[in-house]
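Here is what each chain is made of, one letter per residue.
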Amino acid sequence: MPSETEVIIQATGVEKIYPNGVHALRNVSQTIYEQEVVVVIGPSGSGKSTFLRTLNQLETINDGEIVVDGISLTTPGDVNKLREEVGMVFQSFNLFPHLSVMDNICLAPMKVRGISRAEAQERSRTLLQKVGLSDKADSFPAQLSGGQQQRVAIARALAMQPRIMLFDEPTSALDPEMVGEVLDVMKQLAKEGMTMVVVTHEMGFAREMADRVLFMDAGELLVDSEPNAFFDAPKNERLKTFLSQVI
Amino acid sequence: MNGKPVKGQPLQMEKQPNQVLWNLVFAALLLLLGLGIYKSSQAIDYIWRWDRIPQYILYQAPEELRAEFDGNIEVDDKGQLTLVNEYDSSEQVSFTDYQEIAVFEGDLIFEGDLLATNYQWQPGPIATGLWMTIKLSLVSIVFAIVLGALAGLARISPNPALRHMATVYVELVRGTPLLVQIFIVYFFIGTVLDLERFTAGVVALSVFTGAYVAEIIRAGIESISRGQMEAGRSLGMSRSMTMRYIILPQAFKRVLPPLAGQFINLIKDSSLVSVISLTDLTKAGREVVSVTFSPFEVWFSIALLYLLLTGTLSWLVRRMEVKYAVRD
């Protein structure tokens, strides 16, 4: 249970205002424990992706504090060190189109972790097997379907052996028949005890896999609840409206 | 055209121009143009002497062997003609490897007489000028790439000093004529730093082209989606690592066609260095005109040679594009 394990992400009073004046995060506080799966849902523009991106400092914050794995993101330091421990999967996959699947996965471990090519290839073969794409090692991203690309992207993030995985709407850009294969990989990952923060519209995944579900709207974190209470007995009015629209 | 669909033949959804007809029209126009040029060349009072041109590209230079002492031509024991000193018969010169021998057995030879001649292919002024243009362009292209890449990266650097420096460089160079820059580099910088003509030419051309290359490279880098940088950064790679392994290789492919255009411009612009007395293709042309009094033939030939250079470059770049385009 969360209370018995270690705190891995601690966000306190986080404020984010974009240069164009949009107030994306308003006083967001959240504690995430090791091995937890936390799903963040909310209408578009609610700040859920922004919140996720602040956790590996792809977005800087204007106020508050975020501590990830003992490293405070607000004190200047080696942000790369932090990012080595936090894997991220994007909505638009962002695979490197000029590199083969194998090289996509091997690049960062070799250049950042400094492991040998042989070791990196060994590791990526294991990961490709895990995401069910052993036969695609030599393909290029453009030759893969969206679902396959996203699974490669997950393998690429895992190759750095992160302690936390962030998923930013990993299935939103996929054709409906490919959503399942990506969710299956994510479920397997959750079962293996990976700490995961997932921004998604997949309510089924949230209900089945999440330890906690967060609801955000207009930059505010409104609901933080375990999934059954979240979906079956929502108390917050805005959450009720949102759920009635999406389910 | 109605009837069954033909394999490999797309249905004509929209009225298309008749291919055969319009290709014929194109050929006819070309023919007409050629005819016009021919007619006008006949109409003017000008004697065309194309036969004079080749010798200025490549010619056979005579290499003469002259006697260094007085003597007689004798046949030696191998049956070869030999000049034997009339006072000291141990001093002999045999000339077997010559293409043209001007003496016969028994001839009386005095010092300075022509004995034999060899002919060797030598590059004429046009070929020498062509080589100078090639050398100048290649060296300038290399420096322009280095300079342009550095300035292009500086243009998008978060460091204001670098960014402003690069902007000033690009704006200064793009805002002044190349001819003026060549004069400034040669007469001012060249005097201060004691530069040779060739160095001054390379500096002017590469600094000029570098500014355009910088803009091309900047645009190329900015055309790569932001997600690529974010993906690299989220994997723990630094900004410069991501640039090097992720962004630049992709940008390079995109900037190839505009870069090729810029380098073709450089080859053509290199003709301006003739103002600082570098004997490039254009200056060689001017010199040959002053010798032959055949300006038309010479300038047509020079144009053709430039076309050959730029055409080769285009072809090389197109091959690179094809090579790099395989994957996406």
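Here, every reference points to the structure presented above.
As a convention, each chain's residues are numbered from 1 in the sequence order in which they are written. Chains carry letters from A onward and ligands carry numbers from 1 onward, assigned in written order. In keeping with the predicted nature of the model, local features appear solely for residues at pLDDT of at least 70, side-chain atom pairs appear and are counted solely at 80 or more, and the whole-chain, interface and lining totals rest on all residues. Note: side-chain values were computed over all heavy atoms of the structure, leaving out hydrogens and water.

Next up on the list: the packing of aromatic side chains. Residues and elements named next belong to chain A. For Phe, Tyr and Trp, where Trp contributes only its six-membered ring, two rings pair if their centres lie within 6.5 Å, and the inter-plane angle classes them as stacked under 30 degrees, edge-to-face over 60, or tilted in between. Counted according to the given criterion, the structure contains 10 aromatic pairs over all chains. When the centroid spacing of 5.3 Å and the interplanar angle of 40 degrees are considered together, the rings of phenylalanine 215 and phenylalanine 242 count as tilted. Note that phenylalanine 215 is positioned in strand β9 (residues 212-217) and phenylalanine 242 in helix α9 (residues 237-246), a separation of 27 residues in sequence. We note that phenylalanine 215, like phenylalanine 242, is buried. Strands are runs of DSSP state E lasting at least 2 residues, helices are runs of H or I lasting at least 4, and numbering of each runs from the N terminus. Remark: exposure states derive from per-residue accessible area (1.4 Å probe, protein chains only) relative to the maximum for the residue type, with buried under 20%, exposed over 50%, and partly exposed in between.

On the surface, a cluster of negative charge is contributed by Glu68(B), Asp88(B), Glu91(B) and Glu111(B). As for its position among the elements, Glu91(B) is in the loop between β3 (81-85) and β4 (92-94). For patch building, the residue pool is restricted to those with more than 30% relative accessible area and no salt bridge; the joining distance is 9 Å between like charges and 5 Å between nonpolar side chains (Val, Leu, Ile, Met, Phe, Trp, Tyr). Note that accessible areas follow from Shrake-Rupley with a 1.4 Å probe, and for residues the cover is restricted to the protein chains shown. By definition here, a salt bridge exists when the distance from a side-chain nitrogen of Lys or Arg to a carboxyl oxygen of Asp or Glu is within 4 Å. In this tally, Asp and Glu contribute negative charge and Lys and Arg positive charge; neither His nor the terminal groups of the chain are included. For the purpose of locating charges, the reference atoms are NZ of Lys, CZ of Arg, CG of Asp and CD of Glu.

Attention now goes to the interface of chain B and chain A. Residue contacts follow a heavy-atom distance rule, with two residues in contact if any of their heavy atoms lie within 4.5 Å. On the chain A side, the residues contacting the 19 residues of chain B number 24 residues. Buried surface at the junction of chain B and chain A, both sides included, amounts to about 1900 Å², of which 62% is carbon and sulfur. Run the count over chain B and chain A and you get one salt bridge. As a salt-bridge pair, Glu230(B) and Arg53(A) come within 2.5 Å of each other at their nearest N and O atoms. Polar contacts, as used here, are pairs of N or O atoms within 3.5 Å; protein pairs need one atom able to donate a hydrogen and one able to accept it. Residues neighboring in sequence count only if both atoms are side-chain atoms. Here chain B is connected to chain A by five residue pairs in polar contact (both at pLDDT 80 or more). For the side of chain B that touches chain A, the element with the highest residue contribution is helix α7 (residues 226-234) of chain B, accounting for eight residues. When two parts are brought into contact, each loses some accessible area as probed by a 1.4 Å sphere; the total of that loss over both is the buried area.

Once that is clear, we can look at the packing of helix α3 (residues 125-155) of chain B against helix α4 (residues 160-175) of chain B. Residue and element names in this part refer to chain B. Only the contacting stretch of a helix is used when fitting its axis, a line to C-alpha atoms as for every element, and angles between N-to-C directions run 0 to 180 degrees. Viewed as axis vectors pointing N to C, α3 and α4 meet at an angle of 125 degrees, and their least axial separation amounts to 7 Å. Overall, the two elements α3 and α4 adopt an arrangement that is oblique. Taken as a pair, α3 and α4 cross one another with a handedness that is left-handed. The segment α3 lies against α4, with Leu147, Ala151, Ala154 and Arg155 engaging Leu162, Arg163, Ala166, Thr167, Tyr169 and Val170. Under this grouping Gly is polar, as are all residues other than the nonpolar Ala, Val, Leu, Ile, Met, Phe, Trp, Tyr, Cys and Pro and the charged Asp, Glu, Lys and Arg. Residue composition of the contact of α3 with α4, by class: seven nonpolar, one polar and two charged. Any angle from 65 to 115 degrees is called roughly perpendicular, while one under 35 is roughly parallel, one over 145 is roughly antiparallel, and all others are oblique. Take the far helix as the reference: if the near one is turned anticlockwise from it by less than a right angle, the crossing is left-handed, and if turned clockwise, right-handed.

Let us look at the sheet that holds strand β2 (residues 71-75) of chain B. Residue and element names in this part refer to chain B. As summarised here, the arrangement of the four strands in space is β4-β3-β2-β6, forming an open sheet in which the pairing is antiparallel. Of all the strands in the sheet, the pair left with one neighbour each is β4 and β6 (108-109). By definition, two strands form a pair when at least two bridges between them are found by DSSP. The sheet contact formed by β3 and β4 spans three bridges and is antiparallel. Counterpart to valine 84 in the pairing with β4 is glutamine 92.

Our focus in this paragraph is the pairing of β9(A). Residues and elements named next belong to chain A. The buried count for β9 comes to six of six residues, which makes it a mostly enclosed element. In the sheet, strand β3 (residues 37-41) pairs with β9 via four bridges, with the strands oriented parallel. Across the sheet, the residue bridging to valine 39 is valine 213, located in β9. Relative to strand β10 (residues 220-225), β9 is paired through five bridges, and the arrangement is antiparallel. For valine 213, the partnering residue across the bridge sits in β10 and is serine 225. Taking the residues between adjacent antiparallel strands as the criterion, β9 and β10 are bridged by two residues, where alanine 218 takes a positive phi near 50 degrees.

Attention now moves to the pairing of β3(A). Residue and element names in this part refer to chain A. Among the five residues in β3, five count as buried, and that is most of the element. The alternating pattern of β3 places Val37, Val39 and Ile41 and Val38 and Val40 on opposite faces, both of which are buried. By the bridge criterion, four bridges tie β3 to strand β8 (residues 195-199) in an arrangement that is parallel. Bridge assignment links valine 39 to a residue of β8, and that residue is valine 198.

Here we take up the pattern of salt bridges. By the definition in use, this model includes 25 salt bridges over all chains. A salt bridge links Glu222(B) to Arg218(B); its shortest N-O distance comes to 2.9 Å. One end of the pair is Glu222(B) and the other is Arg218(B), both in helix α6 (residues 197-222) and four residues apart, which spans about a single turn. Members of the salt-bridge network, linked through shared partners, are Lys16(A), Arg53(A), Glu59(A), Arg226(B) and Glu230(B).

The next subject is the nonpolar core. Among the nonpolar cores identified, the biggest contains 66 residues, and Ile9(A), Val68(A), Phe96(A), Leu166(A) and Val197(A) are the most heavily contacted of them. Residue contributions to this core peak at 10 residues, all from helix α8 (residues 239-269) of chain B. Among buried residues, those of type Ala, Val, Leu, Ile, Met, Phe, Trp, Tyr and Cys that are joined through side-chain atoms within 4.5 Å constitute a nonpolar core.

Right, let's talk about α4(B) for a bit. Residues and elements named next belong to chain B. The terminal C-alpha atoms of α4 lie 22 Å apart, and with 16 residues this matches the ideal 22 Å at 1.5 Å per residue to within 8%. Buried within α4 we find Ala166, Tyr169, Val170 and Val173. Across the axial projection of α4, the buried residues extend over an arc of 90 degrees, all falling on one side. Opposite the buried face of α4, by more than 90 degrees, sit the exposed residues Leu172 and Gly175. Buried residues along α4 sit in contact with α3, α5 (178-193) and α6. One less than the number of residues in a helix, times 1.5 Å, gives the span that helix is expected to have. The arc in question is the one spanned by the directions pointing from the helix axis to the C-beta atoms.

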